[in-house]
Structure formats: C-alpha cells, structure tokens
Amino acid sequence: MEEPDPDKLKGPGGLTLRQIHEQVKLSTARDQLDRTLNNSTETVGRWQRFVRYFRKKRLVKS
C-alpha cells in the first residue's frame, strides 16, 4: 500500500499538509516566545502574598 505524498494532499483552505505543518510550527514558536516574555515579569509568590496579608492585618489592628 502506497503512502500518499504530503505535498500533494490538500487540507482545509487548499493548503498542503506540509504547509499546514509549517504554519503550526511557526505559530507554536511565536506563542512560546510570547509566553516566555510574559512570564519574565516579576511575579509575587505565595509567601510574599502571605506576609503582606498579615502585615496589613497587623497595621489595621494597631
């Protein structure tokens, strides 16, 4: 049984399967880069939130 050539099979929108594969690779790389840039900002950890909560609570009681 012959394997169909991915360059000749057409997918949605008339693109070949190879073109679809390349587009998915590019969009995945772009999304991953965007995700790493967004995560590079300093985030407040659980411990820091915990400490701030109790400091505020202690200041309110005083």
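Quick caveat, the model's predicted, so the values are computed rather than measured.

Here the focus is the overall build of the protein. Check the secondary structure of the protein and you find two helices and zero strands. Looking at the 62 residues of the protein, the share that counts as buried comes to 2%. Carbon and sulfur atoms provide 56% of the accessible area of the protein, an area that totals close to 6,400 Å².

Below, the discussion takes up the pattern of salt bridges. A complete count under the given rule lists one salt bridge for this structure. The shortest N-O distance in the salt bridge between K25 and E22 comes to 4.0 Å. Of the two residues, K25 and E22 both sit in helix α1 (residues 17–39), three residues apart, roughly one turn of that helix. E22 sits in the partly exposed class, given a relative accessible area of 37%.

Turning our eyes to something else, we now look at a nonpolar patch on the surface. On the surface, W47, F50, Y53 and F54 cluster together into a nonpolar patch covering about 500 Å² of accessible area. By the secondary structure assignment, Y53 is in helix α2 (residues 46–61).

A surface patch of positive charge is lined by R52, R55, K56 and R58. Along the chain, the position of R58 falls in helix α2. Exposure remark for R58: the relative accessible area of 62% places this residue in the exposed category.

Conventions and cut-offs
- Residues numbered from 1 in each chain as written.
- Predicted model: local features only at pLDDT ≥ 70, side-chain atom pairs only at ≥ 80, totals over all residues.
- Heavy atoms only, no water.
- Helix = DSSP H or I, 4+ residues; strand = E, 2+ residues; numbered from the N terminus.
- Buried < 20%, exposed > 50% of the residue type's maximum accessible area, 1.4 Å probe, protein only.
- Areas by Shrake-Rupley, 256 points an atom, 1.4 Å probe, with all protein chains shown as cover.
- Salt bridge = Lys/Arg side-chain N within 4 Å of Asp/Glu carboxyl O.
- Patch = residues over 30% accessible without salt bridge, like charges linked within 9 Å, V, L, I, M, F, W, Y side chains within 5 Å.
- Lys, Arg positive; Asp, Glu negative; His and termini not counted.
- Charge placed at Lys NZ, Arg CZ, Asp CG, Glu CD.

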